[in-house]
Amino acid sequence: MNTRWMRALLAPWLVFFCLLAAAQVPQPPEVAARSYLLLDVSANQILAAKDIDTPVEQASLTKLMTGYLVYDALRSKKISLTQTLPVSVRAWKMAGSRMFIDPKMQVPVDDLIKGMIVQSGNDATVALAEGVGGTVEHFVEMMNQQAKALGMKNTVFKNPEGLTAPGHVTTARDLSILATRLIQDFPEYLHYDSIKKYRYQGTPTANDTNRNMLLFRDPTVDGLKTGHTDAAGYCMIATAKRDFPNLQGRRLLAIVLGASSEVARANEAQKLLNWGYTAFEGLKLFDAGQAVLEPQVWKGTAKTVKLGQPQAIVLAVPAGSGSKIKTQVARPDPLVAPFTKGQQVGVLKILAGDQVLREVPLVALEAVEQAGIFGRAWDAIRLWIR
C-alpha cells in the first residue's frame, strides 16, 4: 500500500517537472497562504504547490480522518446511521466549535456526522470517536494507524477534533492523500460535505451554517472542510467537479493552509480552482477498464489478453497542448500464459514530443489460464519456428 502510494505521489511531480523543462507549465497565481496545493484528482497530478511538505497545525481538517474512520465503521456495519450514541461529559465539555449536545441526549450517528462536518462540532466529533473507538485515546491510535496505512508520512494525530496540541501536525501533501482517499473510498458519504446548513433539534441556531463559503458561491464545489486555530490560521480543503466536452466530472482539490481570514482562505481556494480549470485541460486517454491493446498470448486458454487499467487513464496538460500528446506501449514479447487479473504485463508511456511525461502500468483486465499439455506443446513448436 505505502509503495503504491509513494509511486502515485511521485508520478504527478514527474509530469510537472517534465513539462516545466519544456517551458510549458502555466505559472500559478499568487496565493496568500503559508502553504498550498492544487491537485487534479481525476489525473492524480499536482498542478501547483508551495511548501507542501512543511509541517503545519491541522485544526479542524483533522476531522477528515475522523470521518474516514467513521465511514469505514459504517461500511463494515460496526455502527449504523440510525444508531444513537450517548454524549459523554467529555464530549459535552469540549471547547471550540460545538453542535451543542449534552449528556441527556442520545444522538443518531447521521446527525453526529452532520454536526461534525457542517458545524465542525468538537462535541459531535468526540461522541463519534468514543462510539467507534470505545475511548478517545484508542480512536487516536486508530487515526495514526490509518494515516500510516494511507502513506501519510508526516502526519501525527493527538486528538480527533483538531484543537491545538503539541505534535498534532500534518502537511499539505498528506492532506491531499487523505482528502483524495476519502473521496475515492467513500463516495457514498461525500454528500455530507456539501450540506450548507444544519442544526440538531433543540439546539441553538447560532452555529448552523457551513463555514465553507465556496458552497454558497460556486455550484461546482461539493466539499470538503475548513479549519481554524490561532496556531494554524485559516485553512481549507475545497473540491469541485466540473464537466467538459472531453472529460465529464473532472475533479480538482485545492488545499490552502495558514490564510489570514475566512474570506481570504475562500478567495485563495477559489482562485486556485478557477486557475486549474482554465490553465490546464484534462485528457481522458482511455476509459476505466478499456483495453489499451489486446496482444497475442501463447500457451494460454485464450488467444489474446486485454491490457489496460481498472481506472480511467487521465492526464492534465496546459490548455491547448492536448494535440501534442501521444502514447507508446512497452511489453514483453512473446507473452506466455498464465496471467492473473490485475497482473502487470506492460507499461503505457505518455509523451509530449520525445519527452516521457508519465508511465502507467498496464495490467491484465481478465485472467488467462495456462493451456493444457497439448496446447502448450503446440505453441512451443510455433514459437520455435516463429
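Residues numbered from 1 in each chain as written. Predicted model: local features only at pLDDT ≥ 70, side-chain atom pairs only at ≥ 80, totals over all residues. Heavy atoms only, no water.

### Observations concerning helix α4 (residues 109-117)
Where burial is concerned, most of α4 is hidden: eight out of the nine residues are buried. Here α4 has its buried residues at Val-109, Asp-111, Leu-112, Ile-113, Lys-114, Gly-115, Met-116 and Ile-117. At its buried positions, α4 is contacted by α2 (63-75), β4 (84-86), β5 (106-108), α5 (122-133) and β7 (221-229). (Buried < 20%, exposed > 50% of the residue type's maximum accessible area, 1.4 Å probe, protein only. Helix = DSSP H or I, 4+ residues; strand = E, 2+ residues; numbered from the N terminus. Contact = heavy atoms within 4.5 Å.)

### Quick notes on helix α7 (residues 172-185)
Between its first and last C-alpha, α7 extends 20 Å over 14 residues, near the 20 Å set by a 1.5 Å rise per residue. In terms of residue burial, α7 counts as a mostly covered element, since 13 of its 14 residues are buried. (Expected span 1.5 Å × (residues − 1).)

### Here's the deal with the packing of aromatic side chains
Taken as a whole and judged by the stated rule, the model has six aromatic pairs. Ring geometry for Tyr-71 against Tyr-192: centres 6.5 Å apart, planes inclined by 10°, an arrangement best described as stacked. Within this pair, whereas Tyr-71 is found in helix α2, its partner Tyr-192 is found in the loop between α7 and α8 (214-217), the two being separated by 121 residues in sequence. Ring-pair connections join several aromatic residues into one group, and the members of that group are Tyr-68, Tyr-71, Phe-186, Tyr-189 and Tyr-192. The cationic tip of Arg-250 hangs over the ring face of Phe-244; the distance from NZ or CZ to the ring centre is 6.0 Å. (Phe/Tyr/Trp six-rings, centres within 6.5 Å; stacked < 30°, edge-to-face > 60°. Lys NZ or Arg CZ within 6 Å of the ring centre and 35° of its normal.)

### So, the environment of Val-41
Its location among the elements puts Val-41 in the loop between β1 (35-40) and β2 (45-50). In contact with Val-41, not counting residues within four places along its chain, are Thr-180, Gln-184, Arg-251, Leu-252 and Leu-253.

### What to know about the sheet that holds strand β17 (residues 344-352)
Across a sheet, strands are paired by hydrogen bonds formed along the backbone, either parallel or antiparallel in direction. With antiparallel pairing, five strands are arranged side by side in an open sheet as β11-β13-β18-β17-β15. Looking at which strands have only one partner, the edges of the open sheet turn out to be β11 (291-293) and β15 (325-330). With two bridges connecting them, strand β13 (residues 307-308) and strand β18 (residues 355-364) associate as antiparallel partners. Looking at β18, one finds that Leu-307 is bridged to Ala-364. (Pairing = 2+ DSSP bridges.)

### Brief notes about unusual backbone geometry
With an omega of 25°, the peptide bond running from Gly-223 to Leu-224 counts as cis. Within the element layout of this structure, Leu-224 appears in strand β7. In the segment running from Ala-337 into Pro-338, the intervening peptide bond is cis, with an omega of 15°. Along the chain, Pro-338 turns up in the loop between β16 (335-336) and β17. In this structure, Asp-51 takes a positive phi of about 50° despite not being glycine. With a phi angle near 50°, Ala-59 is a residue other than glycine that sits in the positive phi range. Structurally, Ala-59 can be placed in the loop between β3 (56-57) and α2.

### Brief notes about the pattern of salt bridges
Under the criterion given, the structure shown has 14 salt bridges. A salt bridge links Asp-40 to Arg-250; the nearest nitrogen and oxygen atoms lie 2.9 Å apart. One end of the pair, Asp-40, is in strand β1; the other, Arg-250, is in strand β9 (residues 247-259), and 210 residues separate them in sequence. For Arg-250, a relative accessible area of 1% translates into the label buried. Arg-331 is the salt-bridge partner of Asp-333, the closest N and O atoms lying 3.8 Å from each other. (Salt bridge = Lys/Arg side-chain N within 4 Å of Asp/Glu carboxyl O.)

### Re the side chain of Glu-268
Looking at the element boundaries, Glu-268 is found in helix α9 (residues 262-279). There is a polar contact of 2.8 Å between the side chain of Glu-268 and the backbone nitrogen of Ala-32. Apart from the residues lying within four places of it in its own chain, the contact partners of Glu-268 are Glu-30, Val-31, Ala-32 and Val-256. (Polar contact = N/O pair within 3.5 Å; in protein donor to acceptor, adjacent residues only side chain to side chain.)

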